[in-house]
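If you want the building blocks of each chain, they are given just below.
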Amino acid sequence: MHNVELTTNREIPDEPRLNYLTKIATKRPAILKAQAEAHPDVAEIYNEKLQQTVNFKVDKARLECELVKLEVILEETEQHLLQMDEKSWLCGNNITLADIYLALLMRRLVYVGLAYRYWGNGKRPNLSAYYQRWSEKKSFKEVFYPTSA
């Protein structure tokens, strides 16, 4: 379903990566329509998402602005992790909702091929190690890679 190579391998130029993501995006309306038909009890929600999808336009300037904001947030997170024990989570020894949210965000960044921008190639080593610890957890694999867990 997901071509991991296209979204994680920085050796692949951006154009094929963007073409792949565009291909996925073009399938979304058909998927939402099918889900609306299959689940009439929540069809209104699927149809609303379908309308949003059909009317969606990419504002590249706004997108870049948001990615820069994310850069700042992840740098702050890197600095926070630098202060923590290497086996600690964001708020101490136990996983919290903050950890789950960050893991989800990082997984999405991997999925769309932006991990290299934020923690690849030695950039933000603490954030990279944090994501590595998450990706080794059985629960993480079961959620994000259900066929390989």
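Just so we're clear, the structure is a prediction, and the values are computed from it rather than from any experiment.

Q: Is there a simple way to think about the packing of helix α4 (residues 60-83) against helix α7 (residues 125-135) in this case?
A: Each pair of packed helices gets described by two things: the angle between the helix axes and the distance between those axes. At a closest axis distance of 8 Å, the pairing of α4 and α7 adopts a crossing angle of 80 degrees. Between α4 and α7, the crossing angle belongs to the class labelled roughly perpendicular. Residues L74, T77, E78, L81 and L82 of α4 pack against P125, N126, L127 and Y130 of α7. Of the residues assigned to the contact of α4 with α7, the class counts are six nonpolar, two polar and one charged.

Q: Help me understand the packing of helix α5 (residues 97-111) against α7, please; the structure alone is not making it clear to me.
A: Look at α5 against α7: their axes get within 10 Å of each other, and the N-to-C directions meet at 100 degrees. With respect to α7, the element α5 is oriented roughly perpendicular. Residues D99, I100, L102, A103, M106, R107 and V110 of α5 lie in contact with α7, whose contacting residues are L127, Y130, Y131 and W134. Class assignment of the residues belonging to the contact of α5 with α7 gives a composition of nine nonpolar, no polar and two charged.

Q: Help me understand unusual backbone geometry in this model?
A: Glycine aside, residues mostly have negative phi angles, and peptide bonds mostly take the trans form. Even without being glycine, N121 reaches a positive phi, approximately 50 degrees. Within the fold, N121 resides in the loop between α6 (115-119) and α7. Judged by its relative accessible area of 79%, N121 falls in the exposed class. A positive phi angle, near 55 degrees, is found at R124, a position not held by glycine. Residue position: R124 is located in the loop between α6 and α7.

Q: Mind showing me how you'd approach the confidence of the model for the chain here?
A: One rule of thumb: low pLDDT means the predicted coordinates there are not for detailed reading. For the chain, the average pLDDT comes to 84, and 85% of its residues sit at 70 or higher. Confidence, read as mean pLDDT per element, is least for helix α1 (residues 4-8) in the chain (52) and greatest for α7 (94).

So, how was this worked out
Residues numbered from 1 in each chain as written. Predicted model: local features only at pLDDT ≥ 70, side-chain atom pairs only at ≥ 80, totals over all residues. Heavy atoms only, no water. Axes fitted to C-alpha atoms, helices over the stretch in contact; angles between N-to-C directions. Helix = DSSP H or I, 4+ residues; strand = E, 2+ residues; numbered from the N terminus. Parallel < 35°, antiparallel > 145°, perpendicular 65-115°, else oblique. Contact = heavy atoms within 4.5 Å. Nonpolar A, V, L, I, M, F, W, Y, C, P; charged D, E, K, R; others polar. Buried < 20%, exposed > 50% of the residue type's maximum accessible area, 1.4 Å probe, protein only. pLDDT = per-residue confidence, 0-100.

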